[in-house]
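Architecture and fold: a report
Read off the chains here:
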Amino acid sequence: MFSKKFPKLGVQLLVALAMLIAIRYILGHYYSFWIIPNTLKVSLSFIANTLIGMLAGPWISVIVFVVNDVVTALNSGYQFIIWFTLLEAVQGFLYGYFYYGKKLDIHSKKDWLYVFLATTVIMGIGTFLVTPLLNSIYQQIPISVQFFVQGRIFKILEIPFRVVVTMLLLPQLHRIPEVRKLMGIKK
């Protein structure tokens, strides 16, 4: 069932993943911007997450996301909470499941719908379900406050942004033979 979802682990893939982890850090820390001041902040790290999933598949993405989360927690000085790491593992799996081996065409309405579904599932679980629950448990921030006072509800507006960026980027990357090879796409 998941045999097509497990890429060949080689030096080229490891180097690409290491670069994407660095890019994820840079995008997450230095390329976040406010769409609605003090309410909706968008980080471009989802681009690196998508590329990791696209190249690594679900199972290797789990490992990459977990290692990245543990290293980030250790370097940040924040309290390490295993549940956030498990959430990263789930999200890594989802990115890999949806994007590994999937060739997208910018002109295909079906592919736009596919990316919309993938983005909605990934954000639905991480942004709208598990993160608010964990913040409620560990930081004692009520879920209603997170959604309505802190503005988490406005993250819904991030979904179309992510879909457009993903559909503009991935089909272009699929043109590169080395990328297709890493993704497990023939021809």
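Per an unreviewed UniProt entry, the protein chain goes by the name Folate transporter and belongs to Streptococcus acidominimus.

Before going further, it helps to examine the pattern of salt bridges. Using the criterion set out here, one finds four salt bridges in the structure. Between lysine 102 and aspartate 111 there is a salt bridge, with its nearest N and O atoms 3.9 Å apart. Taking relative accessible area as the criterion, aspartate 111 reaches 8% and is therefore assigned buried. The partner of glutamate 158 in a salt bridge is lysine 155, and the shortest N-O contact between them spans 2.6 Å. We classify glutamate 158 as buried; its relative accessible area is 1%. Connected through shared salt-bridge partners, Lys155, Glu158 and Arg162 make up one network.

Moving on to helix 4 (residues 109–139). In this model helix 4 runs 41 Å from its N-terminal to its C-terminal C-alpha over 31 residues, within 8% of the 45 Å that 1.5 Å per residue would give. Largest kink in helix 4: about 40 degrees, centred on glycine 124. Positive phi shows up at glutamine 140, right after helix 4, with a value of about 55 degrees.

Calculation rules
- Residues numbered from 1 in each chain as written.
- Predicted model: local features only at pLDDT ≥ 70, side-chain atom pairs only at ≥ 80, totals over all residues.
- Heavy atoms only, no water.
- Salt bridge = Lys/Arg side-chain N within 4 Å of Asp/Glu carboxyl O.
- Buried < 20%, exposed > 50% of the residue type's maximum accessible area, 1.4 Å probe, protein only.
- Helix = DSSP H or I, 4+ residues; strand = E, 2+ residues; numbered from the N terminus.
- Expected span 1.5 Å × (residues − 1).
- Bend = angle between axes of the 7 residues up to and from the residue.

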